[in-house]
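Close look at the chain arrangement
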Amino acid sequence: MEPQFKKFHFQEIDHIVYFPVGNNSGKYINYKVIVVDRKTATQPDEKWIRLGDFLESPLVEQRYPHTIGYFKVSSGEGINFKPEYLELREIRSIEEFWLFLNAVNL
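The shown structure was predicted, so the numbers you read here are calculated from the model rather than taken from an experiment.

1. Notes on the packing of aromatic side chains
Any pair of aromatic rings gets described here by the distance separating the centres and the angle formed by the planes. Under the definition given, this model contains 14 aromatic pairs. For the pair F8 and F97, a centre-to-centre distance of 5.9 Å together with 85° between the ring planes defines the contact as edge-to-face. Taken together, the residues F8 in strand β1 (residues 5–10) and F97 in helix α3 (residues 94–103) connect sequence positions 89 residues apart. For the pair shown, F8 and F97 are each scored as buried. With a centroid separation of 5.4 Å and an interplanar angle of 85°, the aromatic rings of F8 and F100 are classed as edge-to-face. Of this pair, F8 sits in strand β1 while F100 sits in helix α3, and the two are 92 residues apart along the sequence.

2. Some thoughts on the pattern of salt bridges
Scanning the entire structure with this criterion turns up five salt bridges. In this structure, K39 engages D37 in a salt bridge whose closest nitrogen and oxygen atoms are separated by 3.8 Å. D37 gets classed as buried once you look at its relative accessible area, which sits at 17%. In this structure, the salt-bridge partner of R50 is D53, at a minimum N-O distance of 2.7 Å. Since its relative accessible area comes to 21%, R50 is described here as partly exposed.

Conventions used here
Residues numbered from 1 in each chain as written. Predicted model: local features only at pLDDT ≥ 70, side-chain atom pairs only at ≥ 80, totals over all residues. Heavy atoms only, no water. Phe/Tyr/Trp six-rings, centres within 6.5 Å; stacked < 30°, edge-to-face > 60°. Helix = DSSP H or I, 4+ residues; strand = E, 2+ residues; numbered from the N terminus. Buried < 20%, exposed > 50% of the residue type's maximum accessible area, 1.4 Å probe, protein only. Salt bridge = Lys/Arg side-chain N within 4 Å of Asp/Glu carboxyl O.

Next comes the structure, spelled out in structure tokens:
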């Protein structure tokens, strides 16, 4: 059985953050996630990282605001990647991202 994920697309930097459904607890910053850089075609079977390490990286921290789309299904890959967003938000801080995660019951 394939693991289920909640997926968030950071549009400007074209990264997808995969949250496993039901495998994290505690503070969001310590959640284990998979981050895929779509520009380098890294596959989602890469290593797990701490969410805080990704969000505190210069790539994210120094480039606010971010447009983030929450989605379950996407069609196509590469330049044909077209996620069906359930919700789309512009966030200006890490705290706003936490609110977004709360809103989608993560």
